[in-house]
Amino acid sequence: MKLVRETPLEQNEVEPFGPRDLARRILRTTRQISLATLDRNKGFPYSAVTNLSVEPDGAIAFYGAAISHHSRNIMADPRVSVTLSQSEGRDVLRDRRMTLIGTAHRLDGIAFERAKNRYKRKFFRSSKYLDLADSCMFKLNVEAIHLNGGPARYSDSLSAEDLSVDLRGAEALLEQEESLIAHFGRFPNKIKMLTSHINGVRGRWHIATIDPEGMDLASETEFHRLSFSQRVTTPATLLGLLS
């Protein structure tokens, strides 16, 4: 699927910028999304605001109670769109934002448990909801992306691959993600060292997720992406890199 405009973007009106890097940065540092589903009874768009989690492969994941409108809508029709905005109270038309279109599917088994634990590490105040019997985690399969990086900075040329992380060969790293996070949690000075260059954030940082390209760090109010200097696929490589 590709977004098609009745009036195509005039590229000579677009300021030069790096859409892929910006899109990946927005993905990793946004906390909430606007989620639009299709009403299961009437078919009209139904929009809700919810928290954003990101899986190791770069895919969006979000929570939903099975009884909620948006969860029941997805069960009936998986087509959704989500919008990520970083206006932070400013004029949203002059700030960066990104809309992803695709299909959402419910995670189960070990995929659900791991996504649930990642969500809890990012949103510890909301973690109690994940222990309810009707808790669901959904994962978005992206089919189209529209990026607006601010005035005269927009792109329809990105694909799902531009946001994804290659997980090939990283099975051991992902299998031990939680134990590695627990290991680093026993050395708070290491976390302080890793986050010493992050300014303007209140609260204590902790590691939320690990993947071959980096770590997602979370505080009570913000997310930060820590990129590795090399591809990491094993726990031993990660421990050596951060020793």
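Structural data are supplied above this passage.
Residues numbered from 1 in each chain as written. Predicted model: local features only at pLDDT ≥ 70, side-chain atom pairs only at ≥ 80, totals over all residues. Heavy atoms only, no water.

Asks: Just checking my understanding: could you explain helix α3 (residues 109–122) for this structure?
Replies: An α-helical turn contains 3.6 residues, so a residue and the one three or four places further along point in the same direction. Its 14 residues place the ends of α3 20 Å apart at the C-alpha level, agreeing with the 20 Å of an ideal helix rising 1.5 Å per residue. Residues Phe112, Ala115, Lys116, Arg118, Tyr119, Arg121 and Lys122 constitute the buried set of α3. (Helix = DSSP H or I, 4+ residues; strand = E, 2+ residues; numbered from the N terminus. Expected span 1.5 Å × (residues − 1). Buried < 20%, exposed > 50% of the residue type's maximum accessible area, 1.4 Å probe, protein only.)

Asks: I would appreciate a short explanation of the nonpolar core in the present structure.
Replies: A general tendency of soluble globular proteins is for nonpolar side chains to be buried together. Membership of the largest hydrophobic core comes to 24 residues, with the highest contact counts inside it found for Ile60, Phe62, Val82, Leu84, Met98 and Leu100. Elements with a contribution of two residues or more to this core: α1 (19–29), β1 (32–38), β4 (60–65), β5 (79–85), β6 (97–106) and β7 (135–150). The residues touching phenylalanine 62, leaving out its near neighbours within four places in the chain, are Ile33, Leu35, Thr50, Asn51, Ile74, Ala104, Cys136, Met137 and Phe138. Formed by 18 residues, the second largest nonpolar core is a distinct cluster that contains Phe184, Ile198, Met215 and Leu242. (Core = buried A, V, L, I, M, F, W, Y, C linked by side-chain atoms within 4.5 Å. Contact = heavy atoms within 4.5 Å.)

Asks: Would you mind showing me how to read the packing of α3 against helix α5 (residues 177–185) here?
Replies: When two helices pack together, their arrangement is given by the angle between their axes and by how far apart the axes lie. With their axes 11 Å apart at the nearest point, α3 and α5 run at an angle of 25 degrees to one another. One finds that α3 runs roughly parallel with respect to α5. Every residue of α5 that contacts α3 at Asn117, Arg118 and Arg121 is listed here: Glu177, Glu178 and Ile181. Looking at the contact of α3 with α5 residue by residue, the class counts come to one nonpolar, one polar and four charged. (Axes fitted to C-alpha atoms, helices over the stretch in contact; angles between N-to-C directions. Parallel < 35°, antiparallel > 145°, perpendicular 65-115°, else oblique. Nonpolar A, V, L, I, M, F, W, Y, C, P; charged D, E, K, R; others polar.)

Asks: Is there a simple way to explain the pattern of salt bridges in this structure?
Replies: When the charged atoms of two side chains lie near each other, side chains of opposite charge can form a pair. Scanning the model with the defined rule gives 17 salt bridges in all. Note that arginine 121 is salt-bridged to glutamate 177, the shortest N-O span being 3.7 Å. Highlighted residues: arginine 121 in helix α3 and glutamate 177 in helix α5, separated in sequence by 56 residues. Given the relative accessible area of 2%, glutamate 177 is considered buried. One connected set of salt bridges, linked through shared partners, spans Arg28, Lys122, Asp211, Asp216 and Arg225. (Salt bridge = Lys/Arg side-chain N within 4 Å of Asp/Glu carboxyl O.)

Asks: Can you walk me through the pairing of strand β9 (residues 206–211) in this structure?
Replies: For a regular strand, the rule is simple: side chains alternate between the two faces of the sheet. A large share of β9 lies buried, amounting to six of its six residues. Here five bridges tie β9 to strand β10 (residues 214–218), and the two strands are oriented antiparallel to one another. Within β10, the residue paired with aspartate 211 across the bridge is glycine 214. Where β9 folds back on β10, the antiparallel hairpin that results is connected by two residues. (Pairing = 2+ DSSP bridges.)

Asks: What's the story with the sheet that holds strand β11 (residues 223–227) in this structure? I'm lost.
Replies: By definition, the strands of a sheet pair up through backbone hydrogen bonds, in either a parallel or an antiparallel sense. Taken together, the three strands give an open sheet; going across it, the order is β9-β10-β11, and neighbouring strands pair in antiparallel fashion. Either end of the sheet is taken by a strand with one partner, and the two such strands are β9 and β11. Each adjacent strand pair in this sheet contributes to an overall mean axis angle of 25 degrees, direction not counted.

Asks: Would you mind showing me how to read the packing of aromatic side chains here?
Replies: Aromatic rings in a pair are described by how distant their centres are and how their planes are angled relative to each other. Inspection of every chain in the model, using the stated rule, returns five aromatic pairs. Taken together, a centroid distance of 6.4 Å and an interplanar angle of 35 degrees make the contact between tyrosine 63 and tyrosine 129 tilted. With tyrosine 63 in strand β4 and tyrosine 129 in the loop between α3 and β7, this residue pair connects regions lying 66 residues apart in the sequence. What makes tyrosine 63 buried here is its relative accessible area of 13%. Taking relative accessible area as the criterion, tyrosine 129 reaches 40% and is therefore assigned partly exposed. Where phenylalanine 123 meets phenylalanine 223, the ring centres are 5.5 Å apart and the plane angle is 70 degrees; that geometry is what we call edge-to-face. With phenylalanine 123 in the loop between α3 and β7 and phenylalanine 223 in strand β11, this pair connects stretches of sequence that are 100 residues apart. Side by side, phenylalanine 123 and phenylalanine 223 carry an identical accessibility label, which is buried. Grouping aromatic residues by their ring pairs yields a cluster made of Tyr63, Tyr119, Phe123, Tyr129 and Phe223. For the cation-ring pair, lysine 122 lies above phenylalanine 223, with the distance from its terminal atom to the ring centre recorded as 4.9 Å. (Phe/Tyr/Trp six-rings, centres within 6.5 Å; stacked < 30°, edge-to-face > 60°. Lys NZ or Arg CZ within 6 Å of the ring centre and 35° of its normal.)

The values reported here are purely geometric and, on their own, carry no functional implication.
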